[in-house]
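A look at the structure
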Amino acid sequence: TGKIKGKTVGVIVAVFLITIIILGSLFAYSYTQLSVNLNDVRFHSIDWESLSWTTLLKLGLNTLSGNWFGAAFDLIQGINLNLIFGLSNNGILPVYIPDLSYDILINGIPIGSGNSDVDIIINPGQTKEITSFQNIQKSSLSNAGYSIISTQGIIDLKVKGTAYFKLFTLSIPIPFESSKQISIYDEIKNKITSEIQ
């Protein structure tokens, strides 16, 4: 009976170890199949200074000198963007994502950071999109201002940060980095044209 008990204990230990190895493998595989991408950047709006006759006259004089865009850019108080993130789970276990945090660079220049409360569960094989509203204030834009003016409103937006996936009780940081390009030239031109009219 001692040998039988020994074999039984050996089988139980072996099954336990195999179960742990299988769960560990599933966990590791699921971890490698999680991803975050910046799918799109959509222009939302521009916050403007109140336009007075003085600022419009100044703008008109700068337009005559060929620098209308630079003068118009000075009237911006902030730029509002919608960042569309795609969160994918190509693994075989469901994951919960509480939030993600990121740094923002415009034309290679750091201009601030953002955070989005995600609070969703992504099942195996699923991709979900979340929208993060981002307000970029004039004070943050000051370093990137010359770059935006010199490219006539082209913004190369890079977002890099970390999303936190929860698998069972573990919080798994997934680093990500994505870039998109947008233009604010037409939005500025349309606003100025409507004000002048």
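Residues numbered from 1 in each chain as written. Predicted model: local features only at pLDDT ≥ 70, side-chain atom pairs only at ≥ 80, totals over all residues. Heavy atoms only, no water.

1. Thoughts on the confidence of the model for the protein chain
- On average, the protein chain scores 81 in pLDDT, and the residues at 70 or more come to 83%.
- Mean pLDDT across the secondary structure elements of the protein chain bottoms out at helix α2 (residues 53–64), with 61, and peaks at strand β5 (residues 126–137), with 91. (pLDDT = per-residue confidence, 0-100. Helix = DSSP H or I, 4+ residues; strand = E, 2+ residues; numbered from the N terminus.)

2. Some remarks on the pairing of strand β4 (residues 109–122)
- Relative to β4, strand β3 (residues 95–106) runs antiparallel, the two being bridged by 11 bridges. By the bridge assignment for β4, Asp99 is matched with Asp117.
- Hairpin remark: β3 followed by β4, antiparallel, with 2 residues in the connecting loop; positive phi at Asn107, about 50 degrees. (Pairing = 2+ DSSP bridges.)

3. A look at unusual backbone geometry
- Phi at Asn107 takes a positive value of approximately 50 degrees, unusual for a residue other than glycine.
- With respect to the element layout, Asn107 can be found in the loop between β3 and β4.
- Residues other than glycine seldom take positive phi values, yet Asp119 does so here, at roughly 55 degrees.
- Following the sequence through the fold, Asp119 ends up in strand β4.
- Owing to a relative accessible area of 52%, Asp119 belongs among the exposed residues under this scheme. (Buried < 20%, exposed > 50% of the residue type's maximum accessible area, 1.4 Å probe, protein only.)

4. Let's talk about the pattern of salt bridges
- One pass over the full model with this rule turns up 2 salt bridges.
- Residues Lys158 and Glu177 are paired through a salt bridge, measuring 3.4 Å at the closest nitrogen-oxygen approach. Note that Lys158 is positioned in strand β6 (residues 154–167) and Glu177 in strand β7 (residues 170–183), a separation of 19 residues in sequence.
- With relative accessibility at 49%, the residue Glu177 sits in the partly exposed group. (Salt bridge = Lys/Arg side-chain N within 4 Å of Asp/Glu carboxyl O.)

5. Considerations on the environment of Ile122
- As for its placement among the helices and strands, Ile122 is situated in strand β4.
- The spatial distance from the C-alpha of Ile122 to the C-alpha of Ser88 is 7.4 Å, given a sequence separation of 34 residues.
- Filtering out sequence-adjacent residues up to four positions away, Ile122 remains in contact with Leu87, Asn89, Pro94, Val95, Ile97 and Lys128. (Contact = heavy atoms within 4.5 Å.)

6. A word on the sheet that holds β5
- The strand order across the open sheet built from 3 strands is β1-β2-β5, with neighbouring strands paired in antiparallel fashion. The open sheet has two edge strands with one neighbour each: β1 (34–48) and β5. On average, each strand axis in the sheet is tilted by 20 degrees relative to the strand beside it, whichever way the strands run.
- Inspection of the sheet shows strand β2 (residues 76–89) paired to β5 by 12 bridges, in the antiparallel sense. What sits directly across from Ser88, in β5, is Thr127.
- Here helix α4 (residues 138–150) sits on the sheet and contacts β2 and β5; the angle it forms with β5, its principal contact strand, is near 90 degrees. (Axes fitted to C-alpha atoms, helices over the stretch in contact; angles between N-to-C directions.)

7. A look at the packing of aromatic side chains
- All chains considered together, the criterion is met by 2 aromatic pairs.
- On the basis of an interplanar angle of 40 degrees and a centroid distance of 5.4 Å, the ring pair of Phe85 and Tyr102 is categorised as tilted. With Phe85 in strand β2 and Tyr102 in strand β3, the pair connects residues that are 17 residues apart, well separated along the chain. For the residue pair Phe85 and Tyr102, the accessibility class agrees, reading buried in each case.
- For Phe85, a relative accessible area of 0% translates into the label buried. (Phe/Tyr/Trp six-rings, centres within 6.5 Å; stacked < 30°, edge-to-face > 60°.)

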